[in-house]
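Below, each chain spelled out in residue letters.
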Amino acid sequence: MRFLTRHTCLSACLALAVAGALSAPVWAGGSSFGDDDDDSADEGPAYFGFVRDTSGNSIPDAKVTVGIKNRGGVVTRSDALGTYRVPGFGKDVDTKDVDVNCEKEGYKQVKTNRRSAPADAPIVETECTLQRG
C-alpha cells in the first residue's frame, strides 16, 4: 500500500510539472529566449522567426539578413526547421528601424509578418514568406 501511495504521488507531481511546462509561452525554436546565458540586459531584444513558403512549409538554409536602417546588419541562415535567431543590437536601437529580409535561390520574398509582443518582451518575431519563382 505504501508503494501505491508513493507511486500515485510521483505520477501526480510529474503530471503537474509537465502541465506547467506546457503552459509557458513558447517562441520560435521552442525556447522563450528569456533565460539564454548569451544575452545581456544591454543588448535589447533578440530577433527571431520563421522562413516559410506560401504553403506554410519550412524553408531550411535560407539567408536571413536582420539590419538596422542606414547602419548595417547581421546575416544568418535558417536552420532545418526554417527558424533563425539574431541577438539584440542594443537598447538604443528602435525595433521599428530593424528590417528582416530572407533569400533562397529559386524563391522570392513576398511578405514579412512581424508578430507583436509585449513592450517589455526580450524578443521580436518576424516571419518571412517566400514564393517559388
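See the structure above.
As the structure is a computational prediction, the values presented were derived from the model and not from experiment. Numbering of residues starts from 1 in each chain and follows the order in which that chain's sequence is written. Reporting in this predicted model follows two pLDDT cut-offs: at least 70 for local features of residues, and 80 or more for side-chain atom pairs to be given and counted; totals over whole chains, interfaces and linings ignore these cut-offs and use all residues. Excluding hydrogens and water, the side-chain figures rest on all heavy atoms present in the structure.

1. Quick notes on the sheet that holds strand 3 (residues 72-77)
Link 1 in the chain: Two strands are counted as paired when DSSP detects at least two bridges linking them. Runs of H or I in DSSP of at least four residues are treated as helices and runs of E of at least two as strands, each being numbered from the N terminus. Taken together, the three strands give an open sheet; going across it, the order is 3-2-5, and neighbouring strands pair in antiparallel fashion. Whereas interior strands pair on both sides, the edge strands pair on one side only; in this sheet they are strand 3 and strand 5 (98-103). Looking at each pair of strands side by side, their axes are set apart by 20° on average, direction ignored.
Link 2 in the chain: The pairing of strand 2 (residues 63-68) with strand 5 spans six bridges and is classified as antiparallel. Its bridge partner being in strand 5, K63 is matched across the sheet by E103. Between the N-to-C directions of two axes lies an angle of 0 to 180 degrees, each axis being a line fitted to C-alpha atoms and, for a helix, fitted only over the stretch in contact.

2. Description of the state of the cysteines
Link 1 in the chain: Disulfides are defined in this document as cysteine sulfur pairs within 2.5 Å. Within the structure shown, the criterion is met by one disulfide.
Link 2 in the chain: For C102, the disulfide goes to C128, at an S-S distance of 2.1 Å. Where C102 bonds to C128 through sulfur, the torsion about that S-S bond is close to 60°, and the disulfide is right-handed. Taken together, the residues span a long stretch of sequence, with C102 in strand 5 and C128 in strand 7 (residues 123-132) at a distance of 26 residues.

3. Concerning the pairing of strand 2
Link 1 in the chain: The sheet contact formed by strand 2 and strand 3 spans six bridges and is antiparallel. Residue pairing for strand 3: G67 is matched across the bridge by G73.
Link 2 in the chain: Hairpin geometry of strand 2 and strand 3 is characterised by an intervening segment of three residues between the two adjacent antiparallel strands and by a positive phi of about 60° at N70.

4. Re the sheet that holds strand 4 (residues 83-86)
Paired through their backbone hydrogen bonds, the strands of a sheet run either parallel or antiparallel.
Link 1 in the chain: Pairing is mixed across the open sheet formed by four strands, whose spatial order is 4-1-7-6. Single-partner strands in this sheet number two, and they are strand 4 and strand 6 (107-115). For this sheet, the mean inter-axis angle between neighbouring strands, taken without regard to orientation, is 25°.
Link 2 in the chain: Judged from the four bridges that link them, strand 1 (residues 46-53) and strand 4 form a sheet pairing that is antiparallel. Looking at strand 4, one finds that Y47 is bridged to V86.

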